[in-house]
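The primary structure of each chain is shown beneath.
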Amino acid sequence: MNYILSLFIDFLAKFDVPREVALVIFPIIPFCVVAAALILVVLILVLAERKVLALFTQRKGPNRVGIWGLLQTVADAIKLLCKENIEPNVTDGILFTLAPIIAFVPVLICWGIIPFSSEFDFMSISTSALLFVTIAFIPVIGTVLAGYASNNKYSLIGSIRSVAQVLSYELPIAFVLLSIAVLASSLNIKDIILSQISMFQVCGWYIFPCFLGFIIMFISSIAELNRCPFDLPEAESELVAGYNTEYSGMRFALFFLGEYAMMFASSAFIVALFFGGFLSPFGFYISEKIFSNNVIAQLFVYFEQAFWFFLKTFVVVFLIMWVRAVLPRLKSSDLLKFSWKFLLPLSIINFLFICIFKYFVLLGGIK
Amino acid sequence: MINIDLLKEYFPDITVNDDYIFVEHDAFDVISFLKSKNYVDFDVLTQIIATDYVDFVQLSYRLYSTVSNDFLNVITNVQNETSSIVKLYKSAHFDECEIYDLFGINFIGNDNIHRLYMPESWVGHPLLKSYVQNDERLVWND
Amino acid sequence: MTNLLKTMEINVGPQHPSTHGVLRLVLELDGEIIKSCKPVVGYLHRGIEKMAESRSYLQYLPIVDRIDYLGGFFNSYAYCDCIENLLNVEIPVKAQYIRVLCMELNRIASHLLWLGTFMLDLGASSPLFYCFRDRERILHIFEALTGQRMMYNYFTFGGVRFDIPNEILEDISSFVEDMPECIKDYENIITTNPIFTSRCVNKGIITKRNALQYSITGANLRASGVGLDFRKSCPYLTYDNLEFDISYADGGDAYSRYKVRIFELYSSLKIVEQCIDFIRSSSEPILNKSVKPVMLNIPEGEYTSIVEASRGLTSCTVKAGGKTPYRVKWRTGSYYAVQLLPELLVNCEVADMMAIFGSLDVILPEVDK
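Fair warning: this is a prediction, and the values are worked out from it, not measured in the lab.

A. Looking closely at a nonpolar patch on the surface. A cluster of nonpolar side chains, contributed by Ile67, Trp68, Leu70, Leu71, Val74 and Ile78 of chain A, occupies part of the molecular surface with about 620 Å² of accessible area. With respect to the helices, strands and loops of the structure, Ile78 of chain A is situated in helix α4 (residues 72-82).

Written out as structure tokens, the structure reads:
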């Protein structure tokens with residue numbers, strides 16, 4: 001961040017803006033960038049999901065609004081914004097309104113934690129990976145409140161299921177994160193990414209020692225996101241729409257937006273832990289080769305890193321969508337059994353394996 | 001095929017025809033006999049057909065045997081009530097509810113009988129020939 | 001003071017995404033376990049039996065397609081069969097083969113829709129689209145043949161309304177050629193899927209005794225270990241000249257019902273293939289001209305037809321009474337399957353409800369009539 005900050009101060013200095021003002025204004029910029037990127041990414045994701053599902057089921061997908069249906073989600077978003085906000089009489093008013101906000105805001109924070117490139121690291125604290133996992137858990141409180149405040153039995157069952165599900169899948173995630181922390185000797189996401197730099201390029205990525213961990217993390221992330229085959233809280237064939245049955249208009253849009261933004265954030269987290277985050281898969285950056293000017297090259301490297309990050313994330317997102325297209329839904333009891341009896345022991349074994357691996361293979365690497 | 005002589009021996013007052021057995025008033029005993037293993041095992045009740053002949057309602061029990069692949073038609077004429085055969089065939093429950101609903105026949109022994117299609121507040125039994133359409137007594141309250 | 005062990009009463013339907021129409025189930029839940037279940041039917045009651053009493057025999061014919069809108073040909077045939085038998089008329093052999101062809105194609109379409117919605121109930125969205133893709137081909141054939149996609153009104157007293165043109169026969173035979181591959185595709189993504197099997201195997205077991213007690217027929221009965229198919233045991237039309245197998249499974253669970261229905265798709269295709277061969281080579285008339293349907297006046301009499309429809313035994317009883325039927329009674333398969341629900345659902349989880357209910361292939365217009 002420091003490099004961009006200094007560029008920003010220099011830039012404002014040309015207009016005689018004092019350094020202090022620049023320092024105050026500066027934090028607003030990342031916020032705006034994240035907010036704008038989030039909206040953009042969600043719009044793309046919703047469209048991508050529909051297109052991908054259409055691809056798997058031999059349909060065309062949305063193709064009416066804009067070229068190739070590109071503006072379809074924009075149209076949907078406008079529709080949701082303009083819709084009347086229906087609130088049933090018997091709801092718990094304040095909580096009913098608060099629930100979507102609680103479900104959405106943590107997602108924004110999660111986005112802020114992820115370092116999209118070595119410079120675009122907005123909230124760099126030493127335990128950011130731990131912070132991410134913790135904050136990613138908060139939306140479930142919004143879900144519970146939604147289920148409770150809706151005063152609807154379907155919503156209530158949906159939110160109860162949601163809690164059971166998130167609680168049981170939080171533990172495998174923690175163990176996988178622990179093994180990654182052991183490998184990287186750090187809990188800072190940026191450090192974890194940087195420690196994946198190796199002379200064997202792609203082989204340095206943690207997916208290779210920790211492939212089992214990736215599988216566990218992938219499954220648990222899908223479960224935390226309440227997506228198929230773990231979409232029990234909103235299983236439409238059983239619970240109509242689960243916890244958001246009574247929501248409409250902008251409140252529903254917040255849940256919807258939060259779900260997709262969280263899907264992207266979780267994928268980004270997986271990419272950061274296992275696929276070298278913003279590192280280029282070639283071991284060098286194309287910008288370095290193109291631009292001879294060092295300052296410009298450096299600036300473009302940051303954007304290139306962000307590009308790689310987004311590319312890898314979209315691959316993971318595609319995988320999640322693929323899973324949705326193929327699998328039927330699990331039963332709630334099977335879901336809990338699967339986590340406690342299979343994933344949790346597996347993740348502990350994985351953790352032990354990584355510890356041994358680290359001790360014997362990588363020990364020489366620790367400075 | 002069914003053993004008519006044996007049936008006649010047990011139930012002297014029934015009329016046995018080519019394609020049906022006619023029983024006065026209450027068919028429960030005959031059906032329970034037909035269902036029992038010592039006779040041809042009529043294990044399926046395919047349906048109960050009720051027809052309103054103004055003076056009486058005719059119930060026709062259609063039995064089927066998966067063992068001998070035979071259909072049997074047991075006919076009885078009833079006025080207002082008759083014995084329920086839910087104890088013999090559980091599938092009779094909906095049929096009896098339907099006949100109770102549409103013909104107003106009460107089935108004694110079926111504790112759970114209720115109107116199947118029409119709302120509980122409906123006046124009259126639609127499949128009776130005497131049913132008046134657009135009855136003024138009918139109040140749309142639910 | 002509130003009772004912490006109180007059960008929750010939840011109302012599923014009549015407007016619910018997976019009750020396949022307007023079934024209402026009043027469930028009593030203890031956590032996610034169903035403690036009691038009460039089906040409430042009648043939301044789609046149109047008085048189809050009462051309607052017959054004020055219409056002529058021909059006027060009633062288009063209505064019967066609506067009893068089971070996914071298997072209109074079966075109802076249509078059941079009614080026509082009654083009238084033909086009451087009038088004592090023979091129908092030409094070619095018309096019989098055309099009827100068999102239509103009914104078997106209809107059975108395939110109906111089973112495909114069942115498969116799609118069943119998988120949707122289990123949460124898999126893709127199979128729905130594959131099934132609808134193939135069902136669409138059948139509906140196109142029906143549209144070309146009868147002018148309607150669902151309510152065909154194609155069979156008439158004494159035969160069928162139109163001959164099948166050669167182009168449509170070509171369409172049908174190319175469909176029959178492609179279909180086995182498609183069914184294999186479904187089986188590849190469904191049959192051995194661990195999530196699917198874990199949700200279906202040993203779920204909603206109908207014992208043989210229960211199946212007979214509740215008068216379950218069709219694929220549901222065959223999945224309970226009774227090899228009863230009225231196409232074989234009481235052959236109607238030309239079924240005794242056709243070669244086909246009936247299958248049955250012993251499990252009685254949702255998975256057996258799935259297996260039986262998948263097998264039925266193959267056997268129906270086999271029947272369709274044989275029908276095409278006959279229809280191609282035959283130049284007989286398709287209608288018995290001696291029937292004058294418009295002013296039918298049938299003397300008193302009674303006939304019950306027996307049809308193995310896609311959801312079990314469909315039978316129509318017509319008691320003739322001059323110019324209008326005195327009484328028409330319909331017996332349908334789903335009607336009895338709904339009655340079985342309380343027996344199957346008690347002590348199951350809510351998630352199992354969908355697998356069990358979906359596997360029974362219940363369609364509500366058939367129940368409510």
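B. Inspection of the interface of chain C and chain A at higher detail. Taken residue by residue, the interface counts 32 residues in chain C and 26 residues in chain A. Across the interface of chain C and chain A, roughly 2500 Å² is buried in total on both sides, 55% from carbon and sulfur atoms. Taken as a group, Glu32, Phe129 and Ile195 of chain C account for 20% of the area that chain C buries against chain A, more than any other trio of residues on that side. Where chain C touches chain A, the interface holds nine residue pairs in polar contact (both at pLDDT 80 or more). Put simply, the parts of the chain that give the side of chain C that touches chain A at least two residues each are β1 (8-12), α4 (93-121), α5 (126-146), α7 (194-200) and α13 (350-359) of chain C. In terms of residue count, the dominant contributor to the side of chain C that touches chain A is β1 of chain C (five residues). Its residues placed into classes, the side of chain C that touches chain A shows 15 nonpolar, nine polar and eight charged.

C. Expanded view of the layout of surface pockets. Roughly 1100 Å³ of internal volume is contained in the largest pocket. Contributions of two or more residues to the lining of the largest pocket are made by α3 (28-56), α4 and α12 (249-274) of chain A. The element best represented in the lining of the largest pocket is α12 of chain A, accounting for nine residues. Taken together, the residues of the lining of the largest pocket break down into 25 nonpolar, eight polar and 13 charged. Put simply, the second largest pocket is a space of about 560 Å³. Along the wall of the second largest pocket there are 25 residues; nearest its centre are Asp19, Tyr20, Arg62 and Asn73 of chain B together with Glu302 of chain C. Broken down by element, the lining of the second largest pocket gets its largest block of residues, five residues, from strand β5 (residues 70-78) of chain B. Taken together, the residues of the lining of the second largest pocket break down into 13 nonpolar, seven polar and five charged.

D. Highlighting empty space enclosed by the protein. Residue and element names in this part refer to chain A. As enumerated under the stated definition, the model contains seven cavities of 30 Å³ or more in all. Size it by volume and the largest cavity reaches roughly 250 Å³. When residues of the lining of the largest cavity are traced back to their parent elements, those giving at least two are α5 (93-113), α6 (128-137), α7 (139-149), α8 (153-184) and α12. Of the residues in the lining of the largest cavity, the class split is 11 nonpolar, five polar and two charged. Space inside the second largest cavity adds up to approximately 80 Å³. Considering the residues around the second largest cavity, the lining is formed by Phe132, Val133, Ala136, Ile173, Met217, Ser221, Glu224, Met262, Ser266 and Phe269.

E. Geometry of the sheet that holds strand β3 (residues 33-40) of chain C. Residues and elements named next belong to chain C. The antiparallel open sheet is built from three strands, whose spatial order is β1-β2-β3. Of all the strands in the sheet, the pair left with one neighbour each is β1 and β3. Pairwise comparison of adjacent strand axes, ignoring direction, gives a mean angle of 20° for this sheet. Inspection of the sheet shows strand β2 (residues 24-30) paired to β3 by seven bridges, in the antiparallel sense. Across the sheet, Leu29 pairs through a bridge with Ile34, a residue of β3. Sheet strands touched by helix α12 (residues 333-345): β2 and β3. Its angle to β3, the strand with the most contacts, is close to 170°. Those strands touched by α13 are β1, β2 and β3, and its axis lies near 145° from that of β2.

F. Region of the structure containing the sheet that holds strand β4 (residues 57-65) of chain B. Residue and element names in this part refer to chain B. Judged by pairing direction, the sheet is mixed, and its five strands sit side by side in the order β1-β2-β5-β4-β3 without closing on themselves. In this open sheet, the two strands that pair with only one neighbour each are β1 (15-16) and β3 (44-52). Direction of pairing for β1 relative to strand β2 (residues 21-24): antiparallel, over a ladder of two bridges. Within β2, the residue paired with Val16 across the bridge is Ile21.

G. Focus on the interface of chain C and chain B. Taken together, the 35 residues of chain C in the interface contact 40 residues of chain B. Together chain C and chain B conceal approximately 3100 Å² of surface at their shared face, both sides included; 52% is due to carbon and sulfur atoms. Of all residues in chain C, Lys50, Gln213 and Tyr326 of chain C give up the largest surface area on contact with chain B, accounting jointly for 20% of the area buried on that side. Along the contact surface separating chain C from chain B lie five salt bridges. For the interface between chain C and chain B, the tally reads 23 residue pairs in polar contact (both at pLDDT 80 or more). Going through the elements one at a time, α1 (48-52), α8 (208-213), α10 (230-233), β6 (298-304), β8 (312-322), β9 (324-331), α12 and α14 (364-368) of chain C are the ones with two or more residues in the side of chain C that touches chain B. By residue class, the composition of the side of chain C that touches chain B is 14 nonpolar, 10 polar and 11 charged.

H. Representation of the pairing of β4 of chain B within the structure. Residues and elements named next belong to chain B. With nine of its nine residues buried, β4 lies for the most part within the structure. Taking every second residue as pointing to the same face, both faces of β4 are buried, with Val57, Leu59, Tyr61, Leu63 and Ser65 on one and Gln58, Ser60, Arg62 and Tyr64 on the other. For β3 and β4, the ladder comprises eight bridges, and the chain directions are antiparallel. Each bridged residue has a counterpart across the sheet, and for Thr51 the counterpart in β4 is Gln58. Taking the residues that link successive antiparallel strands as the turn, the β3-β4 hairpin has four residues, and the phi of Val54 there is positive, at about 60°. The sheet contact formed by β4 and β5 spans nine bridges and is antiparallel. When the sheet's bridge partners are listed, Tyr64 is paired in β5 with Phe71. In this antiparallel pair of consecutive strands, β4 and β5, the connection spans four residues, and Asn69 shows a positive phi of 60°.

What counts, and where the lines are drawn
Residues numbered from 1 in each chain as written. Chains lettered and ligands numbered in written order. Predicted model: local features only at pLDDT ≥ 70, side-chain atom pairs only at ≥ 80, totals over all residues. Heavy atoms only, no water. Patch = residues over 30% accessible without salt bridge, like charges linked within 9 Å, V, L, I, M, F, W, Y side chains within 5 Å. Areas by Shrake-Rupley, 256 points an atom, 1.4 Å probe, with all protein chains shown as cover. Salt bridge = Lys/Arg side-chain N within 4 Å of Asp/Glu carboxyl O. Helix = DSSP H or I, 4+ residues; strand = E, 2+ residues; numbered from the N terminus. Contact = heavy atoms within 4.5 Å. Buried area = accessible area lost by both parts, 1.4 Å probe. Polar contact = N/O pair within 3.5 Å; in protein donor to acceptor, adjacent residues only side chain to side chain. Nonpolar A, V, L, I, M, F, W, Y, C, P; charged D, E, K, R; others polar. 1 Å grid on protein atoms, 1.4 Å probe; cavity = no way out; pocket = protein on both sides within 12 Å on 5 of 7 lines; lining within 4 Å. Points joined across faces, edges and corners; volume = space filled by probe spheres on them. Pairing = 2+ DSSP bridges. Axes fitted to C-alpha atoms, helices over the stretch in contact; angles between N-to-C directions. Buried < 20%, exposed > 50% of the residue type's maximum accessible area, 1.4 Å probe, protein only.

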